[in-house]
Amino acid sequence: MTLLALFPLLYSVCVLILTYSPVSCFTSPAPAAAELHCNQLNLKLHIYIFISFFVTFPLHLCSVCVYLHLCLLKNRFDPRAFRWALTMRLAVEEINQSPELLPNYTLGYKIFDSCAYPLTGQRAALAVLNGQSADDSPTCSGASPLLAIIGESGSAQSIVVSRILQPFKIPMISYFSSCACLADRKKYPNFFRVIPNDDYQVKAIAQLLVRFNWTWVGIVLGDHQYGRSAVQGLLRALQGTKVCVAYQEMIPLLYSRQRALQIISTARVVVVFSAEGEMTPFLRDYMTQNITGIQWVASEAWVTASVFTGSQYYPYLGGTIGFAIRKGYISGLSDYLKTVNPQMYPNNSLVHELWEALTRVSYNVYKAVYAIAHSLHNLLLCQPDSGPFPNNSYEMSFDSMGDSIPYYDIINWQRGTGGNIEFVNVPVSVCSTSCLPGSRKAVRRGEPVCCFDCLLCDSGKISNQTNSIECTVCPEDFWSNKDRTACIPKKVEFLGYDSLGIALTVISVVGACLTIAVFGVFFYHRNTPIVRVNNSELSFFILFALMLCFLCCLVFIGEPTSWSCMLRHTAFSITFSLCISCILGKTLVVLAAFTATRPGDNIMKWLGPRQQKAIIFSCTLVQVVICAAWLIDTPPFPSRNTQYESSKIILECSVGSTLAFWCVLGYIGLQACLCFVLAFLARKLPGNFNEAKFITFSILIFCAVWLAFIPAYISSPGKYADAVESFAILASSFGLLFCLFAPKCYIILLKPEKNTKQHLMGNKKKKSVVNILWIFSGLVFWKNTLYCS
C-alpha cells in the first residue's frame, strides 16, 4: 500500500481547501498548548505538524504531576525535538521551491507543543480543529483548513489525537509512534506512520535473546499502551523458545523511588520498553544503588537517547544493545543546520544544545512531510473518474495496516574517547555476505558452510528469498525477469502489424495495384499490335495470377490460426503454379512460332487456344492435387515454438508434412526450370520484340530468389521466417511483373510510334515469324470474340 492510501482521507478536505482564500496566521498559544511557530507564506494549503517527544525533554518539559487537567510547563527544551522542527522546516522549504512537486501551491505549517502528554496533545488537536485561541492573543482571520497532521511522537498521544481526527477523516502520519496497537485499521483508519511497527522490533529482540542464549531475562515497561503492547508481543515471540521471563515490572506513571528500587531482581539481562523521560529518574535511582553488570536491551524509544551519553552513565549502561531506526541521509540538512549555529545565536542555549545532540528521528519527520506533499500532488493531478496517478518522484510506501517497511540498525553502547557513551552500529562479521534474491548459495569445497559463493540463477530460473539453496524453474509459459526474482509471462512473438509487417503489407498492396494498372493498360490497348502479338489472353492470365501472388503475402501477417496456416502455403503454391504455367504456355507458343517458319512444320495447330488452356489447367491441377493431399493428410497448423528461443513463445505455422511442403516448392521449381530451358532455346528468335529474352531473364530472377530463399528460411528465427517467405514471394512477383510487362508498357505509353505491325516485322526473316504470331494472335482474338458473342 503506497501513498495512494492517503487519498480517500485527503480528498474530502482538499475539495474544500482549494476554494478557501489564504488566511492570515499568527503566533497564538492554543489552550493548554504552546504554539511555537507559524510560517506565513501566502498560504493556499496548510499542514499542521505536531512535533512531540519524550516526557523529560520535549520542546517544553512537562512535569508528571497533573492537577485539574493542567500541564505545568517549564522553560526547558528538548534539543532533539527542536532539530526535528528544523528538519520539517527544511522539507517544507524544499517542496515550496520545487518546480515539479506541488507547482503553484505553497505549503504552510503550524507547530504545537503537546508536552509529550496525551491530554495536552488532545487540547492542541481540538484547538487546531475549531480555531480557538486565547482571548488575549491575536486570532486568525477565518477558519484554518486542516489537511493532515504529522505527529505524534509518543504512541499514547497518537492514540488520543487519532481518535479525535477520525470523524473528520483527517490523515495523521506519525514519525515515532511504533505501538503495534495502532495497526488496527478499524480503530485507527486515518493513522499512518513512517516508523516500523513494534511487532517487528519485538520479534528481532526475541531472536537476539535466543541467539545469545539469554534464557533468564527481566522485562521493564512504561505505564502506557506502548509498553504494554510491546511486552505482549515479546511474550508471544518467545513462546516455544528456551527463554524464560524472570519478572515483568512497570515504571509507574506517578514515579515512586521506593517502587522503582524494587524492580531490578535476579536477572542479569533486562529488556526495557519505555521512553527516555520515564527511564531518566529510574536510572538515576538505579545508579545510586551502585548496581552493575546488567545487560540492558533497549527498545528504539531510548536506544539512541542523547541524555544517557554522559560519562557517568557508562559504568551502568555500557554495553547496552538494541534496535534503532535506520539512519537516513537528508541532502542539504547539514548545510541548513549550519544556518542555525551558536555563532549566529550566541545567547540561545537551545542552539548550543542542538549542536550537541543529533538523532535519527529527523529523517522520519522529513519522510512524513514528503509523504503528505506527494499525496497532495497526486491528488491535484487526479482527473474525474480516472483516479489518482503516481508521479515519478520520491515514494514512501505503507502496507495494508498503514505501517512503513521495517529497517533497523543494531546499536551497541561503547565508551568513546572522552569517556562518554557512543552509539555504535554493530559491525557485520561474515565469511560471505547473504545471497540476494535472484541468486543461490554455492558452498565452497573444503571450506566451512558459512563460506559460499552467490551464483546468479540461470535464465528461466528464479529465487525470491535471501540465501536460497537452489533456484526454481519457471513454468513453461513463463520466464525469469532480469533480476531472476520472479517469473513473468514469456513474450509472444509473431509477424504482426509492427514496422516489419506494415512494410510488407504496403509492398504487397503496391504490387497488386501495379498489376491491376498494367492489366488496365493492356485491356485498353488490347487491339494494338504489341498486345496482340504477345497473346493478350495469356498476358491477362499471367497478370491475374501475379495479382493473387502479391495478395497472398497478406496471409502471412497476423497471429496464426488454423485457417490462415492452411491458406498460407496452398494459396501461394497454387497461384505461383498458375503464373508459371501461363508463362510456360506463352513460351511454347513463341518457340512453336519460331519452328513453324520451317517448311513442312504444322506444329502451330497443336498449340491453339484450347490446347494452351489445357496446358495451363493440367500444370496447375498437379499442384492443386499435391495441396489437397497435403491438407487431407497432415495439414499445416498453428504451433507455439518455445525451443528456438527459451525466453519467447513464437507463434508460427507448422507445415505439418515437411515432405508435402518441399514437394510443393519442388514442383514450382520444376515448372520454372522447364520454362527457363524453353525460353533459352528461343532467345535468338528474330524480331524487334523478342519476348523469349524477357521470359528467360524473368525466370532467371525467379529461380535466383527462391534458391536464396531456402538457406535464409531455414536460418531465420521466429517471425523472420515468415518475413523471409513473404519477401521471396514479393521479390519474385515483382521480377516477373517488370521483366515481362515493363518493356511492353514502355512502348505502349511512351513509344507509341513503335507499336505498329511494320516495326515489329523488321526484315524479311523477322517478318515471317511475326506474321505467324500475328495471324495466330488474330485467330485467338477472333475466336474469343465469336465465343463471347
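Residues numbered from 1 in each chain as written. Predicted model: local features only at pLDDT ≥ 70, side-chain atom pairs only at ≥ 80, totals over all residues. Heavy atoms only, no water.

The name given to the chain in an unreviewed UniProt entry is Extracellular calcium-sensing receptor-like, with Mastacembelus armatus as the source organism. For the record of the chain, the UniProt heading Subcellular location (unreviewed entry) holds the text "Cell membrane". The heading Sequence similarities (unreviewed entry) in the UniProt record of the chain holds the text "Belongs to the G-protein coupled receptor 3 family." (UniProt positions renumbered as here; feature names shortened; annotations may be inferred.)

Novice: Break down helix 5 (residues 198-211) for me, citing the residues and quoting the values.
Specialist: The terminal C-alpha atoms of helix 5 lie 20 Å apart, and with 14 residues this matches the ideal 20 Å at 1.5 Å per residue to within 8%. Looking at helix 5, one finds that the buried residues are Asp198, Gln201, Val202, Ala204, Ile205, Ala206, Leu208 and Leu209. Looking at the buried positions of helix 5, the neighbouring elements they touch are strand 9 (216-222), helix 6 (225-238), strand 11 (269-273), strand 12 (295-298), strand 13 (321-325) and strand 14 (408-415). One side-chain oxygen at the N-terminal end of helix 5 lies 2.9 Å from the backbone nitrogen of Asp199; it belongs to Asn197. Once helix 5 ends, the next one or two residues include Asn213, with phi positive near 60°. (Helix = DSSP H or I, 4+ residues; strand = E, 2+ residues; numbered from the N terminus. Expected span 1.5 Å × (residues − 1). Buried < 20%, exposed > 50% of the residue type's maximum accessible area, 1.4 Å probe, protein only. Contact = heavy atoms within 4.5 Å. Polar contact = N/O pair within 3.5 Å; in protein donor to acceptor, adjacent residues only side chain to side chain.)

Novice: So what's going on with the environment of Tyr336? Residues and values would help.
Specialist: Structurally, the position occupied by Tyr336 is in helix 10 (residues 333-338). Spatially, the C-alpha atoms of Tyr336 and Leu86 are 8.6 Å apart, while their sequence positions differ by 250 residues. If near-sequence neighbours (up to four positions away) are discounted, Tyr336 is found in contact with Leu86, Arg89, Leu90 and Glu93.

Novice: How would you explain the environment of Thr505 if you had to name every residue and give the values?
Specialist: By the secondary structure assignment, Thr505 is in helix 13 (residues 499-524). C-alpha of Thr505 to C-alpha of Ser726: the two residues are 221 residues apart in sequence and 9.6 Å apart in space. Look past the residues within four positions of Thr505 in its chain and what remains in contact with it is Tyr497, Leu554 and Ile557.

Novice: Can you break down the pattern of salt bridges residue by residue, with the values?
Specialist: If you walk through the whole model with that rule in mind, you get 11 salt bridges. Here Asp498 ties to Lys719 by a salt bridge, and the two come within 2.8 Å at their closest N and O atoms. In this pair, Asp498 is assigned in the loop between strand 22 (491-493) and helix 13 and Lys719 in helix 20 (residues 719-750), connecting sequence segments 221 residues apart. You can call Asp498 partly exposed: its relative accessible area is 28%. (Salt bridge = Lys/Arg side-chain N within 4 Å of Asp/Glu carboxyl O.)

Novice: Could you give an account of unusual backbone geometry, naming the residues involved and the relevant values?
Specialist: Unlike most non-glycine residues, Leu102 shows phi in positive territory, near 50°. Tracing the backbone through its elements, the reader meets Leu102 in the loop between helix 2 (79-97) and strand 5 (107-113). The exposure class of Leu102 is buried, given its relative accessible area of 3%. The phi dihedral of Lys169 falls on the positive side, at around 55°, and the residue is not glycine.

Novice: Can you tell me about helix 13, naming the residues and giving the values?
Specialist: Here helix 13 spans 37 Å end to end across 26 residues, near enough to the 38 Å set by a 1.5 Å rise per residue. If you check which residues of helix 13 are buried, you get Gly501, Leu504, Thr505, Ser508, Gly511, Ala512, Thr515, Val518, Val521 and Phe522. As for helix 13, its buried residues are in contact with helix 14 (529-533), helix 15 (536-551) and helix 20.

Novice: Give me the nonpolar core: which residues, what numbers.
Specialist: By size, the foremost hydrophobic cluster in this structure holds 67 residues, and its most contacted members are Phe576, Ile583, Ile699, Trp706, Leu736 and Phe741. At the level of secondary structure, the elements contributing two or more residues to this core comprise helix 13, helix 14, helix 15, helix 16 (562-595), helix 17 (609-633), helix 18 (658-681), helix 19 (691-715) and helix 20. No other element matches the 13 residues that helix 20 contributes to this core. With residues near it in sequence (within four places) discarded, Trp706 still touches Phe572, Phe576, Leu665, Ala728, Ile729 and Ser732. Counting 36 residues, the second-largest nonpolar core is a separate cluster that includes Met88, Leu107, Leu147 and Ile195. (Core = buried A, V, L, I, M, F, W, Y, C linked by side-chain atoms within 4.5 Å.)

Novice: How would you explain the sheet that holds strand 13 if you had to name every residue and give the values?
Specialist: Spatial strand order, 10-9-11-12-13-14-15: seven strands in an open sheet with mixed pairing. With one partner strand each, in any of the chains shown, strand 10 (244-251) and strand 15 (421-425) form the two edges of the open sheet. Here the average twist between neighbouring strands, direction ignored, is 30°. Pairing of strand 9 with strand 11 involves five bridges; the strand directions are parallel. Bridging across to strand 11, Gly218 finds its partner in Val270. (Pairing = 2+ DSSP bridges. Axes fitted to C-alpha atoms, helices over the stretch in contact; angles between N-to-C directions.)

Novice: I'd love a proper account of the packing of helix 13 against helix 20, names of residues and values included.
Specialist: Between helix 13 and helix 20, the shortest axis-to-axis distance is 10 Å and the interhelical angle comes to 25°. Viewed along their axes, helix 13 and helix 20 adopt a mutual orientation that is roughly parallel. Helix-helix and strand crossings are classified by hand; for helix 13 and helix 20 the assignment is left-handed. Residue-level inspection shows Leu500, Leu504, Ile507, Ser508, Gly511, Leu514, Thr515, Val518, Val521 and Phe522 of helix 13 in contact with helix 20, the latter providing Tyr720, Ala723, Ser726, Leu730, Phe734, Leu737, Phe738, Phe741, Lys744, Cys745, Ile748 and Leu749. Residues belonging to the contact of helix 13 with helix 20 are distributed by class as follows: 17 nonpolar, four polar and one charged. (Parallel < 35°, antiparallel > 145°, perpendicular 65-115°, else oblique. Left-handed = near helix turned anticlockwise from the far one by under 90°. Nonpolar A, V, L, I, M, F, W, Y, C, P; charged D, E, K, R; others polar.)

Novice: Lay out the state of the cysteines in plain terms, naming residues and giving numbers.
Specialist: Note on terminology: disulfide describes a covalent bond linking the sulfur atoms of two cysteines. Using the criterion set out here, one finds six disulfides in the structure. Here Cys435 engages in a disulfide with Cys454; their sulfurs sit 2.0 Å apart. Residues Cys435 and Cys454 share a disulfide whose torsion about the S-S bond is about -90°; that sign makes it left-handed. Here Cys435 is found in the loop between strand 15 and strand 16 (439-443), whereas its partner Cys454 is found in strand 17 (residues 452-456), with 19 residues between them in sequence. Here Cys450 is not disulfide-linked; the sulfur of Cys451 is the nearest cysteine sulfur, at 6.5 Å. Residue Cys450 is classed as exposed on the basis of its relative accessible area of 53%. Cys553 takes part in no disulfide bond, and the closest cysteine sulfur, belonging to Cys552, lies 5.0 Å away. (Disulfide = S-S within 2.5 Å.)

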